[in-house]
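Residue-level structure breakdown
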Amino acid sequence: QVQLVESGGGLVQAGGSLRLSCAASGRTFSNYAMGWFRQAPGKEREFVAAISWAGPNTYYADSVKGRFTISRDNAENTVYLQMNSLKPEDTAVYYCAASRGATTAAPAYQYWGQGTQVTVSS
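Just so we're clear, the structure is a prediction, and the values are computed from it rather than from any experiment.

About the thresholds
- Residues numbered from 1 in each chain as written.
- Predicted model: local features only at pLDDT ≥ 70, side-chain atom pairs only at ≥ 80, totals over all residues.
- Heavy atoms only, no water.
- Helix = DSSP H or I, 4+ residues; strand = E, 2+ residues; numbered from the N terminus.
- Rg over C-alpha atoms; globule rule 2.2 N^0.38 Å.
- Buried < 20%, exposed > 50% of the residue type's maximum accessible area, 1.4 Å probe, protein only.
- Contact = heavy atoms within 4.5 Å.
- Areas by Shrake-Rupley, 256 points an atom, 1.4 Å probe, with all protein chains shown as cover.
- Disulfide = S-S within 2.5 Å.
- Salt bridge = Lys/Arg side-chain N within 4 Å of Asp/Glu carboxyl O.
- Polar contact = N/O pair within 3.5 Å; in protein donor to acceptor, adjacent residues only side chain to side chain.
- Pairing = 2+ DSSP bridges.
- Axes fitted to C-alpha atoms, helices over the stretch in contact; angles between N-to-C directions.

**A word on the overall build of the protein chain**
When you go through the protein chain residue by residue, the secondary structure sums to zero helices and 11 strands. Listing the helices and strands of the protein chain from first to last along the sequence gives β-β-β-β-β-β-β-β-β-β-β. Relative to a compact globule of 122 residues, whose C-alpha radius of gyration would be 14 Å, the protein chain shows 13 Å and is just as compact. For the C-alpha atoms alone, the extent of the protein chain along its principal axes is close to 40 × 25 × 25 Å. Counting across all 122 residues of the protein chain, residues that qualify as buried make up 42%. Here the analysis covers contacts within the protein chain between residues at least 6 apart in sequence; of these, 57% occur between residues at least 24 apart. For the protein chain, the computed accessible surface area is about 6100 Å², with 46% contributed by carbon and sulfur atoms.

Listed below in structure tokens is the structure:
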């Protein structure tokens, strides 16, 4: 089992920044690729970003490319999502998840956190 706890969400004005953190415990964190997903009210959960287990490979949704950066610190068992130039359409609950391989597909992720709310005001 891998337990994941997100933090860092909140309310920010459009154009602002937030950094989300996801702390992992349980099985060896460095064995897992990590992903961030988000779900807005009335919408399906969507892929945001992913990072391979060693960190050199990253993947982004087109909607966040150039604004968001995913990174990880395996010594601290933590994955981050730096979000810059935030837009109202980024408003959602953000979830981190762990998978055996970096992928954009939510069903491939075995473990999920409970989510953190990000609200971007216009």
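**As for the state of the cysteines**
Applying the stated criterion across every chain, the model contains one disulfide. Covalent S-S linkage joins C22 and C96, the inter-sulfur distance amounting to 1.9 Å. With the S-S dihedral at roughly 45°, the linkage between C22 and C96 falls on the right-handed side. Of the two residues, C22 sits in strand β3 (residues 18-26) while C96 sits in strand β9 (residues 92-99), which places them 74 residues apart along the sequence. Under the relative-accessibility criterion, C22 is labelled buried at 0%. You can call C96 buried: its relative accessible area is 0%.

**Concerning the environment of L86**
Inspection of the secondary structure puts L86 in the loop between β8 (78-83) and β9. Sequence spacing of L86 and T58 is 28 residues, and the spatial spacing of their C-alpha atoms is 20 Å.

**Topic: the pattern of salt bridges**
Enumeration according to the criterion identifies four salt bridges in this entry. The closest approach of N and O atoms between R38 and D90, which form a salt bridge, is 2.9 Å. Remark: D90 occurs in the loop between β8 and β9 and R38 occurs in strand β4 (residues 33-39); sequence separation between them is 52 residues. Side by side, R38 and D90 carry an identical accessibility label, which is buried. Salt-bridge contacts for R67 lead to D90; the nearest nitrogen and oxygen are separated by 2.8 Å. Note that R67 is positioned in the loop between β6 (58-60) and β7 (68-73) and D90 in the loop between β8 and β9, a separation of 23 residues in sequence. Judged by relative accessible area, which is 1%, D90 ranks as buried.

**Comments concerning the side chain of R38**
Given a relative accessible area of 6%, R38 falls into the buried group. Reaching out from R38, the side chain makes a polar contact with the side chain of Y94 at a distance of 2.9 Å. Those residues in contact with R38 that lie beyond four places of it in its chain are E44, R45, E46, V48, S63, V64, F68, E89, D90, A92, V93 and Y94.

**Topic: the sheet that holds strand β1 (residues 2-7)**
Judged by pairing direction, the sheet is antiparallel, and its four strands sit side by side in the order β1-β3-β8-β7 without closing on themselves. Edge positions in the sheet fall to β1 and β7, since each has one partner strand and no second. Going across the sheet, the axis of each strand differs from the next one's by a mean of 15°, ignoring polarity. Where β1 lies against β3, six bridges are found, and the strand directions are antiparallel. Among the inter-strand pairings, E6 is bridged to a residue of β3, identified as C22.

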